[in-house]
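Coordinates in review
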Amino acid sequence: MARVFVITGPSGVGKGTLIRGLMERVAQLELSVSATTRAPRLGERDGVDYHFLTRTEFNTKVNEGAFVEHADYAGRSYGTLRSELERRVRAGTPVVLEIEVQGARQVRAAMPEAVQVFIAPPSLPALRTRLVGRGTDDHNEVERRLMVAEHELKAQPEFAHVVVNDRLDEALERLVAIVTAELD
Ligand code: 5GP
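As the structure is a prediction and not an experimental result, all values here were calculated from the model.

**Regarding the pattern of salt bridges**
- As enumerated under the stated definition, the model contains 17 salt bridges in all.
- Across the salt bridge formed by Arg-82 and Glu-86, the nearest N and O atoms sit 3.6 Å from each other. One end of the pair is Arg-82 and the other is Glu-86, both in helix α3 (residues 82-91) and four residues apart, which spans about a single turn.
- With a shortest N-O distance of 3.9 Å, Arg-145 and Asp-137 are connected by a salt bridge. Note on accessibility: Arg-145 and Asp-137 belong to one class, buried.
- The network of salt bridges with common partners includes Arg-38, Arg-41, Glu-44, Arg-134, Asp-137, Glu-141, Arg-144 and Arg-145.

**Focus on the pairing of strand β1 (residues 4-8)**
- Among the five residues of β1, five are classified as buried, and the element is accordingly described as predominantly covered.
- A two-sided burial pattern is seen for β1, the buried positions comprising Val-4, Val-6 and Thr-8 on one face and Phe-5 and Ile-7 on the other.
- Across four bridges, the pairing between β1 and strand β7 (residues 95-98) is parallel. Across the sheet, Ile-7 pairs through a bridge with Glu-98, a residue of β7.

**Things to note about helix α7 (residues 168-183)**
- For α7, with 16 residues, the first-to-last C-alpha span of 22 Å sits near the 22 Å given by 1.5 Å per residue.
- Restricting attention to buried positions, one finds in α7 the residues Ala-171, Leu-172, Leu-175, Val-176, Ile-178 and Val-179. Buried positions in α7, seen along its axis, are confined to an arc of 160° and lie on one side of it.
- Looking at the buried side of α7, the elements it contacts are β1, α1 (15-25), β8 (115-120) and β9 (161-164).

**Details of the site of the ligand**
- For the ligand, the set of nearby residues contains 17 residues, the closest of which are Ser-34, Arg-38, Tyr-50, Tyr-78 and Arg-145.
- One of the side-chain N or O atoms of Tyr-78 is found 2.6 Å from an oxygen atom in the ligand.
- Going through the elements one at a time, β5 (67-73) and β6 (76-81) are the ones with two or more residues in the shell around the ligand.
- Here the shell around the ligand is built from residues that sort into five nonpolar, four polar and eight charged.

Analysis parameters
Residues numbered from 1 in each chain as written. Predicted model: local features only at pLDDT ≥ 70, side-chain atom pairs only at ≥ 80, totals over all residues. Heavy atoms only, no water. Salt bridge = Lys/Arg side-chain N within 4 Å of Asp/Glu carboxyl O. Helix = DSSP H or I, 4+ residues; strand = E, 2+ residues; numbered from the N terminus. Buried < 20%, exposed > 50% of the residue type's maximum accessible area, 1.4 Å probe, protein only. Pairing = 2+ DSSP bridges. Expected span 1.5 Å × (residues − 1). Arc of directions from axis to C-beta. Contact = heavy atoms within 4.5 Å. Near = heavy atom within 4 Å. Polar contact = N/O pair within 3.5 Å; in protein donor to acceptor, adjacent residues only side chain to side chain. Nonpolar A, V, L, I, M, F, W, Y, C, P; charged D, E, K, R; others polar.

Right, dumping it as structure tokens:
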């Protein structure tokens, strides 16, 4: 049976890095490419990192029912396209969604069988250090993301699996163990 794995948690917690490691270890997994209205960061490619859409294009897709879930995050919209998910589920390919917490809740309601993993930082100051250190967002954007993170961290008890990303190698082992146990 195809499985859907939702990896959520605050921005800067290391979801992307953990997912890259996970995909290397569990070769059958495929990553769903989300749509967003945010501008591409340096080096990001359309159709690879995200489907970068204008606000109008995004809203049209919302009205068409093209999203499994979508949410506003720090002033931008993000969503999982049905086209990314459904063909893989039909083909029996396990698929990974990297999404924020509101989207994870929508997926939980629509697909209770999806496996949900919350990635937590060791602390809020540690998250700040990482968000600043990765250098992808300016000061205001970092502050916006930290404010959202405080709310997101309160959602932890909703999740069956919580992985604290303190040491990356240990967090990756835990994530791989959760995913492989579900696939077996
Ligand atoms: P970023 O701008 O850093 O790429 O992403 C901001 C937040 O949006 C991250 O927490 C990321 O996981 C989340 N995100 C990315 N794609 C989606 C999506 O398709 N749906 C939802 N709900 N969140 C997403």
